[in-house]
Amino acid sequence: MPHIDKYPAGAFVWIELGTTDQAAAKSFYASLFGWNANDMPMGPGEYYTIFRLDERDTAAAYTLNPERSGGAPPHWMPYISVANADDAAARAAQVGGKVLSPPFDVYDAGRMAVVQDPTGATFCLWQPGANQGIGIAGVDGTLCWADLMTADAPRARQFYADLFGWEIAPGQNDPSGYLHIKNAEAFIGGIPPVSPQPGVPPHWLLYFLASDCDAAAAKAKSLGANIHYGPTTIEGVGRWAVVADPQGAAFALFQPLPH
């Protein structure tokens, strides 16, 4: 059960669920992944939920405010680690991104900004302070991968390479067109050769580990989720499914091939 205390710049460092029913979401993910929920007051009637596994932070959730969120549907949002949020936000604007929320401090936890890439997918920049990010990996219910779902892979590829120094390239002997994202020495995600479904804007799809993808998908369905795709096998890689939680936030389950 690997614990993580620090991330390199360019890594997926935090994930956050914006939902329309925070209490229901807490119940769903606790049942599906075994997450424990810790609520932190944010103001009158509002709280920020930090999910934990093995007493380590694994994700977070908050209630979408229609006025502040611009009517965004429930969704999972990735945070990407940077050395300096102000510099990274300025760089993002220079290389074609749109800074939706300029850098601001989150108490002593860190400093963040919200950015939209040139193809329309949104993510956050995170300059760690007291909160270094997700503290656990390699077990069921932890983040293991992220796919950028976009109709313009070449533009996205250039933007993220310019911003984070990611190497984004096809896999060896892989004719599928899938692009692998490599941050320093680690493969962290990809850009599939398929566009988002009609009516679905470009977005990051987050993957959670499942030692039994079929069982996890069946459990999610029994808890009120919709199965959008799969479970199905990617030859030589593993088994996966795309799920939408009961409020509509999409994510993927992934069972790697046994080593």
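Preceding this paragraph is the structure being described.
Procedures and definitions
Residues numbered from 1 in each chain as written. Predicted model: local features only at pLDDT ≥ 70, side-chain atom pairs only at ≥ 80, totals over all residues. Heavy atoms only, no water. Helix = DSSP H or I, 4+ residues; strand = E, 2+ residues; numbered from the N terminus. Contact = heavy atoms within 4.5 Å. Pairing = 2+ DSSP bridges. Axes fitted to C-alpha atoms, helices over the stretch in contact; angles between N-to-C directions. Buried < 20%, exposed > 50% of the residue type's maximum accessible area, 1.4 Å probe, protein only. Core = buried A, V, L, I, M, F, W, Y, C linked by side-chain atoms within 4.5 Å. Disulfide = S-S within 2.5 Å. 1 Å grid on protein atoms, 1.4 Å probe; cavity = no way out; pocket = protein on both sides within 12 Å on 5 of 7 lines; lining within 4 Å. Points joined across faces, edges and corners; volume = space filled by probe spheres on them.

A. Seen up close, the environment of proline 192. With respect to the helices and strands, the residue proline 192 is situated in the loop between β12 (186-191) and β13 (203-209). The sequence separation of proline 192 and alanine 151 amounts to 41 residues, and the corresponding C-alpha distance is 9.5 Å. Contacts of proline 192, omitting those with residues within four sequence positions, involve Asp147, Leu148, Met149 and Tyr178.

B. Representation of the sheet that holds strand β1 (residues 12-19). In space, the eight strands of this open sheet follow the order β2-β3-β4-β1-β5-β8-β7-β6, with mixed pairing throughout. The sheet is open, and its two edges are formed by β2 (36-43) and β6 (98-106), each paired on a single side. Direction aside, neighbouring strands of the sheet carry axes that sit 25° apart on average. Bridge count for strand β3 (residues 46-53) against strand β4 (residues 56-63) is five bridges, and the pairing is antiparallel. Paired with isoleucine 50 across the strands is alanine 60, a residue of β4. Against the sheet, helix α4 (residues 153-164) engages β5 (75-81), β7 (110-116) and β8 (122-128), with an angle of about 10° to β8.

C. The side chain of glutamine 247, seen in detail. Residue position: glutamine 247 is located in the loop between β15 (238-244) and β16 (250-256). Using a relative accessible area of 18% as the deciding quantity, one classes glutamine 247 as buried. Apart from the residues lying within four places of it in its own chain, the contact partners of glutamine 247 are Thr19, Thr20, Asp21, Ala24, Ala25 and Pro74.

D. Looking closely at the sheet that holds strand β14 (residues 226-234). Read from one edge of the open sheet, eight strands run β10-β11-β12-β9-β13-β16-β15-β14, paired in mixed fashion. Only two strands of the sheet have a single neighbouring strand rather than two, namely β10 (167-170) and β14. When the angles between neighbouring strand axes are averaged without regard to direction, this sheet yields 25°. Where β14 lies against β15, six bridges are found, and the strand directions are antiparallel. By the bridge assignment for β15, asparagine 226 is matched with alanine 244. Along the sheet, helix α1 (residues 22-33) makes contact with β13 and β16, crossing β16 at roughly 5°.

E. The pairing of β4, seen in detail. Across the eight residues that make up β4, a large majority, six, are buried. Two elements, β1 and β4, share four bridges in a ladder whose sense is parallel. Paired with threonine 19 across the strands is threonine 63, a residue of β4. If you look at the hairpin formed by β3 and β4, you'll find two residues sitting between the two strands, and aspartate 54 has a positive phi there, around 50°.

F. Here's a closer look at the nonpolar core. Ranked by internal contacts, the top residues of the largest apolar core, which has 72 residues, are Trp76, Phe123, Tyr160, Trp166, Trp204 and Phe251. In terms of residue count, the dominant contributor to this core is α4 (six residues). The residues touching tyrosine 160, leaving out its near neighbours within four places in the chain, are Asp117, Ala121, Phe123, Leu148, Gly165, Trp166, Ile168 and Trp204.

G. Seen up close, the state of the cysteines. Throughout the structure, instances matching the rule amount to zero disulfides. Cysteine 144 takes part in no disulfide bond, and the closest cysteine sulfur, belonging to cysteine 213, lies 10 Å away.

H. Molecular detail of the layout of surface pockets. By volume, the second largest pocket amounts to about 320 Å³. Lining the second largest pocket are 18 residues, and of these Tyr7, Ala11, Phe12, Phe187 and Ile188 lie nearest its centre. With four residues, the single largest contributor to the lining of the second largest pocket is strand β9 (residues 143-149).

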